[in-house]
Amino acid sequence: MSESIKPVSYSVSEQTQLIMAQHSNRSGRLFGGQLMAWIDILAGVVAFRHSDGDCTTASVDYLSFEKPISVKDLIVMHGKVTYVGNSSMEIRVDTFIESPGLVHEHANRAYLTFVAIDDEGRPRRVPRLDPQTDEEKAEYAAGLERARLRRERRKKKDSAEMAYPY
Ligand SMILES: CC(C)(COP(=O)(O)OP(=O)(O)OC[C@H]1O[C@@H](n2cnc3c(N)ncnc32)[C@H](O)[C@@H]1OP(=O)(O)O)[C@@H](O)C(=O)NCCC(=O)NCCS
């Protein structure tokens, strides 16, 4: 049986969100934890679509807040798979503030790793990724390197003392 392979476009997903009072922090800006939850959910949708089933968040290794997002702003989050391993998928989520006239200003970028899991919560194999554009190919190569660095970090963490400090 031939191995399944999907293009990046198969699982590209978008969420548009109107920011309201209940999403704000004490400064009238969007609460960062709320944005993180939306990013996690959108990345979960992308991972579900690429892998045809359940997935879990394994790590978030890059998340930068570049622009404040205010109450009453409209934001658009855009998610896509950038790299896949055997059971893991790296997903990039970009957040834009949308102004009238469909003008989009980049506000935030995050890279998350999701792992596809079976009914027992064990990692399961995912379809290969078929990067087609130059940008997708460049992201795939960068994702391969990021995955290597993540493995290195985990190895270092595993060998470090992890006792509760108190
Ligand atoms: C993620 C999880 C399923 C991995 O299971 P595991 O038995 O440790 O799996 P393995 O060590 O065999 O690794 C499986 C894959 O996950 C990747 N992986 C494991 N831990 C990872 C981490 N912290 N960050 C990124 N990737 C990770 C491995 O690189 C491997 O990728 P590959 O199959 O593409 O080569 C498991 O650690 C887990 O369930 N964690 C809790 C996740 C969770 O509850 N998330 C919700 C937020 S609290």
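Anyway, here's the lowdown on the structure attached to this text. Here the structure is a predicted model, which is why all the values come from computation and not from measurement.

**Here's the deal with the overall build of the protein**
And step 1. A tally of helices and strands in the protein yields two helices and seven strands.
And step 2. For the protein, the α and β elements follow one another from N to C terminus as β-β-α-β-β-β-β-β-α.
And step 3. Each principal axis of the C-alpha atoms in the protein carries an extent, and together these give about 50 × 50 × 30 Å.
And step 4. Per-residue burial over the protein gives 37% buried out of 166 residues.
And step 5. Contacts in the protein between residues at least 24 apart in sequence constitute 71% of all its contacts with a sequence separation of at least 6.
And step 6. Accessible surface, the protein as shown: approximately 10,000 Å² in total, 53% of it carbon and sulfur.
And step 7. Of the side-chain charges in the protein, 23 are positive and 24 negative, and the distance between the mean point of each set is 4 Å.

**Topic: the site of the ligand**
And step 1. Neighbouring residues of the ligand: 13 residues in total, closest Thr57, Asn86, Ser87, Ser88 and Arg154.
And step 2. Within the contact set of the ligand, a nitrogen atom lies 3.5 Å away from a backbone nitrogen or oxygen of Ala58.
And step 3. For the ligand, an oxygen atom lies 2.6 Å from a polar atom in the side chain of Ser88.
And step 4. In isolation the ligand exposes 920 Å². Once the protein is present, 49% of that is buried.
And step 5. Broken down by secondary-structure element, the contributors of at least two residues to the shell around the ligand are strand S3 (55–65), strand S6 (103–116) and helix H2 (134–159).
And step 6. Counting residues per element, the shell around the ligand draws most heavily on S3, at four residues.
And step 7. Of the residues in the shell around the ligand, the class split is three nonpolar, eight polar and two charged.

**Observations concerning the environment of Val60**
And step 1. If you trace the backbone, Val60 turns up in strand S3.
And step 2. Spatially, the C-alpha atoms of Val60 and Val115 are 12 Å apart, while their sequence positions differ by 55 residues.
And step 3. Setting aside residues up to four positions removed in sequence, Val60 forms contacts with Tyr111 and Leu112.

The rules we used
- Residues numbered from 1 in each chain as written.
- Predicted model: local features only at pLDDT ≥ 70, side-chain atom pairs only at ≥ 80, totals over all residues.
- Heavy atoms only, no water.
- Helix = DSSP H or I, 4+ residues; strand = E, 2+ residues; numbered from the N terminus.
- Buried < 20%, exposed > 50% of the residue type's maximum accessible area, 1.4 Å probe, protein only.
- Contact = heavy atoms within 4.5 Å.
- Areas by Shrake-Rupley, 256 points an atom, 1.4 Å probe, with all protein chains shown as cover.
- Lys, Arg positive; Asp, Glu negative; His and termini not counted.
- Charge placed at Lys NZ, Arg CZ, Asp CG, Glu CD.
- Near = heavy atom within 4 Å.
- Polar contact = N/O pair within 3.5 Å; in protein donor to acceptor, adjacent residues only side chain to side chain.
- Nonpolar A, V, L, I, M, F, W, Y, C, P; charged D, E, K, R; others polar.

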